[in-house]
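What follows is each chain in one-letter form.
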Amino acid sequence: MARREITSADYSEHTQLHCDGCGWNGAAGEASERRWPDFVAVRCPTCDRTIATVVPEPPTPKSAASAS
Ligand SMILES: [Zn+2]
């Protein structure tokens, strides 16, 4: 199965992940940052397989002027 894509808004320590490679099941939580430069590959802690990709939220044009 293809890796999951998770938006940064959805990604939290409660995000449940599953590794098709070794059968590992668990929650995310390794990354506490809420901002990613492009995307972050979430790796299985057991076999280091990429099991999900965290993609940034689409830009919201409503308050672009106040963006840091
Ligand atoms: Zn694994």
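Residues numbered from 1 in each chain as written. Predicted model: local features only at pLDDT ≥ 70, side-chain atom pairs only at ≥ 80, totals over all residues. Heavy atoms only, no water.

Visitor: When you look at the coordination of the zinc ion in this model, what are you seeing that I'm missing?
Guide: Six octahedral donors at a metal ideally form angles of 90 or 180 degrees, and four tetrahedral donors ideally form angles of 109.5 degrees. Protein coordination of the zinc ion is provided by C19 (SG), C22 (SG), C44 (SG) and C47 (SG), with donor distances spanning 2.3 to 2.4 Å. In primary sequence terms, the donor set of the zinc ion follows C-x2-C-x21-C-x2-C. Here C47 lies in the loop between strand 4 (40-43) and strand 5 (50-55) and C22 lies in the loop between strand 2 (16-18) and strand 3 (25-27), a separation of 25 residues in the sequence. Since its relative accessible area comes to 40%, C22 is described here as partly exposed. (Donors = N, O, S within 2.8 Å, 3.2 Å for Na, K, Ca; no water. Helix = DSSP H or I, 4+ residues; strand = E, 2+ residues; numbered from the N terminus. Buried < 20%, exposed > 50% of the residue type's maximum accessible area, 1.4 Å probe, protein only.)

Visitor: Is there a simple way to explain the pairing of strand 5 in this structure?
Guide: Regular strands show a simple pattern: their side chains alternate between the two faces of the sheet. A large share of strand 5 lies buried, amounting to 5 of its 6 residues. Relative to strand 5, strand 1 (residues 4-7) runs parallel, the two being bridged by 4 bridges. Residue pairing in the sheet places E5 in a bridge with T53 of strand 5. Where strand 4 meets strand 5, 4 bridges bridge the pair, whose relative direction is antiparallel. Paired with A41 across the two strands is T53, which belongs to strand 5. Where strand 4 hands over to strand 5, the hairpin turn is made up of 6 residues, of which D48 adopts a positive phi near 65 degrees. (Pairing = 2+ DSSP bridges.)

Visitor: Would you mind going over the confidence of the model for the protein chain with me for this structure?
Guide: When pLDDT is low, close inspection of the predicted coordinates is not appropriate. Scored by pLDDT, the protein chain has a mean of 79; 75% of the residues are at 70 or more. Ranking the elements of the protein chain by mean pLDDT puts strand 4 last with 86 and strand 2 first with 92. (pLDDT = per-residue confidence, 0-100.)

Visitor: What am I meant to see in the environment of L17 here?
Guide: Take L17: it is sitting in strand 2. Judged by relative accessible area, which is 5%, L17 ranks as buried. Spatially, the C-alpha atom of L17 lies 8.7 Å from that of C44, the residues being 27 residues apart in sequence. Excluding residues that lie within four positions of it along the chain, L17 makes contacts with R4, I6, W24, N25, G26, A28, V42, I51 and A52. (Contact = heavy atoms within 4.5 Å.)

Visitor: Any chance you could explain the sheet that holds strand 5 here in plain terms?
Guide: Whether parallel or antiparallel, the strands of a sheet pair through hydrogen bonds between backbone atoms. The strand order across the open sheet built from 3 strands is 1-5-4, with neighbouring strands paired in mixed fashion. Edge positions in the sheet fall to strand 1 and strand 4, since each has one partner strand and no second. Between one strand axis and the next, the sheet turns by 30 degrees as a mean value, whatever way the strands run. (Axes fitted to C-alpha atoms, helices over the stretch in contact; angles between N-to-C directions.)

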